[in-house]
Amino acid sequence: MLIPMVQGGHNAAITFVAATGGTITTVDTNYKVHTFNSSGTFEVTTVGSEGVEYLVIAGGGGGGGENPGAGGGSGGYRTATGLGVTGTSYSITVGAGGGQTTNGADSVFHSITSDGGGGGGSFGLPGKNGGSGGGGSGTASGAEVGGTATSGGAEGNDGGDASAVNYANAGGGGAGAAGADMGVTGGANGGVGLANSITGSSIFRGGGGGGGYYTGSLGLGGNGGGGNGGSGSANVAGTANTGGGGGGGYPGKPGGSGTVIIRYKFQ
C-alpha cells in the first residue's frame, strides 16, 4: 500500500484564536471582530496558529484656531495581518482627539503604537508633527510649512503648506494622502483617509482636517479628507473613532478619537 507523503514530514494542524474584550461581532461566517472605541483589555484565552489582524488608529490632531487655523492631521494608521498573540491579557489604549492646535493621543495594542495626529497651525505657526502632520498656517506677511508624518510616513502623510495671502491655512495630512497646500483663494482640503474592511464593511478612516482662509470678514475653509476629517468651512470636528483631524476655524475644532480593531479566524 502506498502512503501519501506530507511536505515537511507532518501535518501542521491549524488552531484558532479565542478571546474576550471590546464589542464582539462575527463577520464572513468564520471571523470574530473585537472593536475597541475606548480603552479596555483584549484577553486571549486560546492561542491560534494564524495570529490576528489589527487596525490601530490614534486620535486626530485638533484644528488651528485663528484667522482661521489650519487643519489637524489624522491619527496614525497602522494595519497588518498575522500578528502572533499569546495566552495573556493585552491592554488596549484608544487615543483621544486633540483640542485646538494640539496633537491627538496615541493608540496602543500589543507591540503596535500609532502616533497621535499633529495639531493644525494657527496665526503663522507651522503644523505639528504627528501620525499625519497638521497643516501650516499663514498670515498676511508670511507662511509656514505643514507638520511631518512620524515613523517615516509609515502611519500617514505630511500636512500641507500655507500661503501668505488672506491668512490662508493648509489642510492636515490624512492616512491616504498629504494635506492640500493653500492657494490664494478657497479652502485647503485635508488629505484623504483609507478604506478598510476589517469589520466586514469598507469604511474610510483617518482623513485630515480642512484648513481655512480669511478675507475681509469672511472665513472659509476646505473639506475634511475621506469623509471623517473635520471641514474647515463648517468648522467641524473630526469624526469620533476614525482618527479624523479637526477643521481649522474660530475656534479650531477637536480631532476625532481613535479606535483599535482586532480580527481573527475562530473556526
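Everything below is about the structure printed above this text.
Student: I'd like a rundown of the sheet that holds strand 7 (residues 89–92), residues and numbers included.
Tutor: Pairing in this open sheet of 3 strands is antiparallel, and the strands run 1-4-7 from one edge to the other. Pairing within the sheet leaves two strands with one partner each, and these edge strands are strand 1 (18–20) and strand 7. For this sheet, the mean angle separating the axes of adjacent strands, direction not counted, is 25°. With 3 bridges joining them, strand 1 and strand 4 (residues 40–46) adopt antiparallel strand pairing. Across the sheet, residue Ala-19 finds its bridge partner in strand 4, namely Val-44.

Student: Describe in detail the sheet that holds strand 5 (residues 52–57), supporting the description with residues and values.
Tutor: Hydrogen bonds between backbone groups are what pair the strands of a sheet, and the pairing can be parallel or antiparallel. Ordered in space as 2-3-14-5-6, the 5 strands form an open sheet in which the pairing is antiparallel. Both edges of this open sheet fall to strand 2 (23–27) and strand 6 (77–83), since each of them pairs with a single strand only. Across the sheet, the mean angle from the axis of one strand to that of its neighbour is 15°, orientation sign disregarded. The pairing of strand 5 with strand 14 (residues 259–265) spans 5 bridges and is classified as antiparallel.

Student: Please provide a residue-by-residue account of the nonpolar core, values included.
Tutor: The biggest cluster of nonpolar side chains holds 18 residues, and the ones touching the most others in it are Phe-36, Phe-42, Val-52, Ile-92, Phe-109, Val-260 and Ile-262. Elements represented by at least two residues in this core include exactly strand 4, strand 5, strand 7 and strand 14. Non-local contacts of Ile-92, meaning those with residues more than four positions away in its chain, are made with Phe-36, Ser-39, Gly-40, Thr-41, Phe-42, Val-108, Phe-109, Val-260 and Ile-262. Core analysis: the next-biggest nonpolar cluster, separate from the first, contains 8 residues, Val-27, Leu-55, Tyr-77 and Ile-198 among them.

Student: Account for the side chain of Arg-263, naming residues and giving values.
Tutor: Relative to the helices and strands, Arg-263 is located in strand 14. Overall, the relative accessible area of 11% leaves Arg-263 in the buried class. If we skip the residues at most four places from it in the chain, Arg-263 touches Val-27, Asp-28, Tyr-31, Lys-32, Val-33, Val-52, Glu-53, Ser-197, Ile-198 and Gly-200.

Student: An account of the pattern of salt bridges is needed here, citing residue identities and associated values.
Tutor: Pairing is possible between side chains of opposite charge, provided their charged atoms come close. If you walk through the whole model with that rule in mind, you get 3 salt bridges. Across the pair Asp-28 and Arg-263 runs a salt bridge whose closest N-O atoms are separated by 3.0 Å. In this pair, Asp-28 is assigned in the loop between strand 2 and strand 3 (31–36) and Arg-263 in strand 14, connecting sequence segments 235 residues apart. Its salt-bridge partner being Arg-78, residue Glu-155 comes within 3.0 Å of it at the nearest N-O pair.

Student: Could you give an account of the pairing of strand 5, naming the residues involved and the relevant values?
Tutor: Of all 6 residues that make up strand 5, 5 are buried, and the element is covered over most of its length. In this sheet, strand 6 lies alongside strand 5 in antiparallel orientation, the contact comprising 5 bridges. Residue pairing across strands places Leu-55 opposite Thr-79, the latter belonging to strand 6.

How each quantity is defined
Residues numbered from 1 in each chain as written. Predicted model: local features only at pLDDT ≥ 70, side-chain atom pairs only at ≥ 80, totals over all residues. Heavy atoms only, no water. Pairing = 2+ DSSP bridges. Helix = DSSP H or I, 4+ residues; strand = E, 2+ residues; numbered from the N terminus. Axes fitted to C-alpha atoms, helices over the stretch in contact; angles between N-to-C directions. Core = buried A, V, L, I, M, F, W, Y, C linked by side-chain atoms within 4.5 Å. Buried < 20%, exposed > 50% of the residue type's maximum accessible area, 1.4 Å probe, protein only. Contact = heavy atoms within 4.5 Å. Salt bridge = Lys/Arg side-chain N within 4 Å of Asp/Glu carboxyl O.

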